[in-house]
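Remarks on the overall topology
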Amino acid sequence: MTSTGTAHASPATVTTAGAPATADFDTLLQRAESLLTGGGFDPADPDFTGAVEALDTTAKELWDTLDRDAARTALWPDLAPLTDAGNFGQSYTRLRTLATAWATEGTSLAGSPQVADALVAALRFTHDTAYNPAKRETGNWWFWEIGAPRALMDCSVVLRDRLPAADLADYLAVVDRFCPDADRRTNSPTLSETGANRTDKAVIVALRGLLGRDAAKLVSARDALSDVRDSGRNSLFRYTSSGDGFYEDGSFVQHDVVAYTGSYGIVLLGGTAYLLALLAGSEWAVTDPDVSVMYDAVERTFAPVVFDGLMMDSVRGRAVSRERAGDHRDGATALAAILLLASGAPAAYAERWRALVKGWLTRNRTTPFETLATLPQLALAKAVLNDPGVPAGPRDTGSHVFADMDRVVHRRPGWACALSLSSKRISAYEAGNGENLHGWYTGDGMTYLYEGDDLAQFNDGFWPTVDPYRLPGTTVDTRPRTDLGTGAGTSTYRPANAVAGGAVLDGRYGAAAMELIGAEGTTLRARKSWFLLDNAVIALGAGITASDGRPVETIVENRNLGTDGRHRLTVDGIRRPAEQGWSGAFDRVRWAHVDRVGGYVFPGGTALRALREQRTGTWRAIDTGADTGGGTDPVTRRYLTLWTDHGPSPADARYAYVLLPGASAAATAVWSRSRPVRIVANDSTAQAVEARREGLTAVNFWRAGTAAGITSSGPASVLVQRRGGHVRVAVADPGRTLTTLSVELPFPVRSVVTADDSVRLVPGRRPVLTVAVGGSRGHTHRAVLNR
C-alpha cells in the first residue's frame, strides 16, 4: 500500500475450491487500490499538486468535523440520524474520501495511525448502528444495494491491512445481504438489473470476491456483464431494441424511457472499464467477444454528445439539477472512463480514442480537466497529453438522429446544436428524489447551442437561474407550474405525440421534427421542425393552437451572459441598450445579432420581443435531494432573451427563424438579404426548406401531401440532394406509424447506384421510391440514384 500504517489482523479468508494462489488475489487488490488512489504517482510532480491539494482540503474538512466521541449517534451532524438510508450512504462516501486521502502520499492525513484507527472505528459504528444484515431496506433502495456497499468495499480495499478479521467478515456479510449478485434487485428479486445498475453491482461483487478471496464471486461479477445466467438477455454487450441499454443507432436509455447517455451511460462505461482493467490478465478476465459493443459505443454513443470535453445536458436527465455534477464534470468522468477502457482495448480502438480525448482535453480551457479530475483520472490524462505520438483529434462534425432516444445532435467545426425531443416512447423529463424540480419543458424541443468560444453557457449557474418557462427552442403555454419530483423515487412524463425524430443525409445534413402536445392542463398543440445545415439551423413552427386564454410563446434564445455580461444586441442594424432590465418589442424584425454568440434571421420578418434581465436563484430550489441537494446561496446571472409572443389562445400561429452560430453581424445581415436557404412550406401539411447552393431540399411531412415538388404518401422526414450526376435521398418515419411509404421525386432518375434493402425505385418521369419503414423504429433509409 502507498500508506505506511501498521497492519492489524489479516483479513478474513473464504476458501473456494480451485481458487488461485493468495498472491493472485493480492495482485488484484493492489490494482483495485491503485484504481482508487492513482497508484505510484510522484506527489512532487506539479501536474498532480492541485489534485492532491483538492483531495487533502476535502478530506481535512471531513476529518475535522468527524464525530469521534464514544457516545456519538452519527458520524457528521448533518447526516443524522445515521439510520436514514441517505445518511448512512453518504457517510460511507465521506469515509471513502478519508480513506483515499489516508492512502495517498502528499496529503496531511497520509499514513496516520490515528486516522486509520478512526476509520476502522467509524466503519464498525456505521455497521452496528445502521447497515447490517439484520436491517430491512427502507427509503431509497439505491443506497442499500449500490451506494453504501460500493463505498464500503472501497474503504475495505484501502484499509484491508488494518481491518480486524471479524470486521471484514461483517462487511462481506452485509454486502452478501444487500448485493449478493449483479443480476437481481435484492428488494425485488423478480426484477433483473440492467444498464448502469448492473455494472455498479458487478463492481461491488468483484471487490467483495477479492476481499473474501472467493473465486465464485469474481466469476459472478464477470459473467454479469454478459448476463450468462439469463442467456444474455440483459447483457451489457448486446444491443437492445427496447428498454435500458445501448441501441444500434447510438442511443442509450435507462429507466426504460429516459435518454441517459450523459449520466447512467457514463456510470455503465466507467464501471465496465473498471472491471475490464481490474480483472485483466487474471483467470477472470473478460473474454466475451461481444465486448466490442462497448468499444463501438465510445464513438457511436458517447463521442457525438461530448463537445470539447463537456457532456451535453440533453442526455444528462435529472442530473442537470445537481450543483456538483455540471456538464464539464460529467464530461471529465466520461473522458477518464474512455481512457481507462483504452488501457485494455485493442490497439485500433485505443489509438483513436486517445487522439479523441487529447483533442477534448486541449480545447477545454474553460474548465480544465485537472480542476475536475481525481488522481487516477489525472494520471490517465497526463499519459496521453505527454505522449507526442498521440495527436490531438479535431472536433467531430456530422449530423446524428438518435431515433431510439429522441435526441438530435448536429456538429460543425466551430459549434454544435443539440435538440431534446420527447414522445410517447421517450420521456420529456425525469424528476424525483427531489431532483429536477423545474424540468417541465426540457424535452419539448429545447435547443442547446454550443460554441467553441463559450463552453460555460450551460455550466455557469444556468439551471438555477434560467427562466424555466423560457428554454431556448421551446413553444410553451405560460401557465404557472408546480414543482416536479418532490416525492420519493423517480418519475417520468411521456407526452401523447408519436412524431419525434428525423432523418440524416450523408451524415452531414439533418431534418428533425416534433409534434408538441402539451401536458395535462393545457390545450397547446404545435408542429415543430429543425433543418440542420452547414452553417445554419432553420427552425419552423406551424399549427400553434391553444384555447386556454393564456399567452403562448416560442423562445428563440435565452442566453446566459454570466455574472457581468453586456453582450451587444443588434436588431436590424441598430444597436440596442445593454442595461439590465431593458426590454424591447419590435413589429417586423428581419435579423438580430448577439455579440460572441451569432446571428438570428427571421425570413419575411417577425414580431420579436427582447429582454435583458438579471436573475437570481439557488440550486436548492431545483434540487432538494438527500444526497445531491443543492446549496442555498444565491446565484445571480445575466440573461438576454429573444422570443415570439403568439398571444393568448393562438389559432394556427407560426414562426420561422434561422440560427447562424458564430456569424458576425455583417454576415447575418447579408444572409438575411441573400436568403441562401428558402422556406417553401410551413403549414399543417409540411415544413420544408431549399438550400440551393447545396442542391438540397428537406421536408418534414405531417401527412400525405406535396412540398417543394416532393410528394409523400404519409408523414415522413425526407432529404433530397442533387449534386453532379447523382441524387441522394434520405427518408425516415419519425412517428413510427407506417408500414410502407412512397416518396415521389420531381425530376427523372435513370437507375439506382446504391440503396438500403428497404428502398425500391419505381422508374418514370416522376420516379417513386417505395420505402419499407415498418419496424425500422424511425431510423433513416438511404438511396443514391443516377440522374
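Residues numbered from 1 in each chain as written. Predicted model: local features only at pLDDT ≥ 70, side-chain atom pairs only at ≥ 80, totals over all residues. Heavy atoms only, no water.

Some words on the sheet that holds strand E32 (residues 726-732)
Operational definition: Each pair of strands is called paired provided DSSP finds at least two bridges between the two strands. Where helices and strands are cited, they refer to DSSP runs of H or I of at least four residues and of E of at least two residues respectively, numbered from the N terminus. All axes are obtained by fitting lines to C-alpha atoms, using only the stretch in contact for helices, and the reported angles, taken between N-to-C directions, cover 0 to 180 degrees.
One open sheet holds the seven strands; their spatial order is E26-E27-E28-E31-E32-E37-E34, and the pairing between them is antiparallel. Because the sheet does not close on itself, it has two edges, and the strands there are strand E26 (677-682) and strand E34 (751-755). Across the sheet, the mean angle from the axis of one strand to that of its neighbour is 15°, orientation sign disregarded.

A few points about the packing of aromatic side chains
For clarity, the threshold we go by: Only Phe, Tyr and Trp rings are paired, with Trp represented by its six-membered ring, and only when their centres lie within 6.5 Å; those with planes under 30 degrees apart are stacked, over 60 edge-to-face, the remainder tilted. A simple rule labels every residue: compare its accessible area, found with a 1.4 Å probe on the protein chains alone, to the largest value its type can have, and call it buried under 20%, exposed over 50%, or partly exposed in between.
Going through the model one piece at a time under the given rule, you end up with 28 aromatic pairs. Taken together, a centroid distance of 5.4 Å and an interplanar angle of 80° make the contact between Trp142 and Phe143 edge-to-face. Ring geometry for Tyr349 against Trp353: centres 5.6 Å apart, planes inclined by 45°, an arrangement best described as tilted. Pair noted here: Tyr349 and Trp353 are both in helix H12 (residues 347-363), with a separation of four residues, about one helical turn. The same class applies to Tyr349 and to Trp353, which are both buried.

What to know about the confidence of the model for the protein
As a reminder of what qualifies: As a per-residue measure, pLDDT reflects the predictor's confidence and takes values from 0 up to 100. When checking whether two residues touch, look at their non-hydrogen atoms; a contact exists if any pair is within 4.5 Å.
In this model, the protein carries a mean pLDDT of 94, and residues with pLDDT of at least 70 account for 96%. The model gives residues 1-21 a pLDDT under 50, and that stretch makes 54 contacts with residues more than four places away or in other chains.

Details of the sheet that holds strand E29 (residues 705-707)
An order of E29-E30-E33-E36-E35 is seen for the five strands of this open sheet, with the pairing classed as antiparallel. Edge positions in the sheet fall to E29 and strand E35 (759-762), since each of these pairs with one other strand and no more. If you compare each strand with its neighbour and ignore which way they point, the axes differ by 20° on average. For strand E30 (residues 710-712) and strand E33 (residues 740-744), the ladder comprises two bridges, and the chain directions are antiparallel. Its bridge partner lying in E33, Thr711 is registered against Glu744.

Regarding the pattern of salt bridges
Spelled out, the test is: Whenever a carboxyl oxygen of Asp or Glu lies within 4 Å of a side-chain nitrogen of Lys or Arg, that contact is scored as a salt bridge.
One pass over the structure, following the stated rule, counts 43 salt bridges. With a shortest N-O distance of 2.7 Å, Asp167 and Arg124 are connected by a salt bridge. Highlighted residues: Asp167 in helix H6 (residues 165-178) and Arg124 in helix H4 (residues 113-129), separated in sequence by 43 residues. Taking relative accessible area as the criterion, Arg124 reaches 33% and is therefore assigned partly exposed. One continuous salt-bridge network, built from bridges that share partners, spans Glu145, Arg185, Glu193 and Lys201.

Some remarks on the packing of helix H2 (residues 46-65) against helix H3 (residues 85-102)
Axis angle and axis distance: for two packed helices, these are the angle between their axes and the distance between the axes, and together they describe the pair. In plain terms, the rule: Just so you know how the angles are binned, under 35 degrees is roughly parallel, over 145 roughly antiparallel, 65 to 115 roughly perpendicular, and the rest oblique. Should the near helix be turned anticlockwise from the far one by less than a right angle, the crossing is termed left-handed; should it be turned clockwise, right-handed.
Packing of H2 against H3 brings their axes to within 9 Å, and their N-to-C directions diverge by 120°. As summarised for this structure, H2 and H3 are arranged oblique, according to the angle between their axes. The hand of the H2/H3 crossing is left-handed. For the pair H2 and H3, contact is made by Leu55, Thr58, Ala59, Leu62 and Trp63 and by Arg94, Thr97, Leu98, Thr100 and Ala101, respectively.

Section: the environment of Ala273
Among the secondary structure elements, Ala273 is positioned in helix H9 (residues 264-279). For Ala273, a relative accessible area of 1% translates into the label buried. With 74 residues separating them in the primary sequence, Ala273 and Thr199 have C-alpha atoms 9.9 Å apart. With residues near it in sequence (within four places) discarded, Ala273 still touches Ala337, Leu340 and Leu341.

Overview of the side chain of Asp181
Threshold: Within 3.5 Å is the distance limit for a polar contact, defined as a pair of N or O atoms, with the added protein rule that one can donate a hydrogen and the other accept it, and that residues adjacent in sequence qualify only through two side-chain atoms.
Position of Asp181 relative to the elements: it lies in the loop between H6 and strand E1 (184-185). For Asp181, the side chain forms a polar contact with the main-chain nitrogen of Asp183, separated by 2.9 Å.

Section: the packing of helix H11 (residues 327-342) against H12
Under the convention used in this document: Charged residues are taken to be Asp, Glu, Lys and Arg, nonpolar residues to be Ala, Val, Leu, Ile, Met, Phe, Trp, Tyr, Cys and Pro, and polar residues to be all remaining types, Gly included.
Where H11 meets H12, the axes come as close as 9 Å, and the angle between the chain directions of the two elements is 155°. The angle between H11 and H12 falls in the class roughly antiparallel. H12 is crossed by H11, and the crossing has left-handed handedness. The segment H11 lies against H12, with Leu335, Ile338, Leu339, Leu341 and Ala342 engaging Ala350, Trp353, Arg354, Val357, Trp360 and Leu361. When its residues are assigned to classes, the contact of H11 with H12 shows 10 nonpolar, no polar and one charged.

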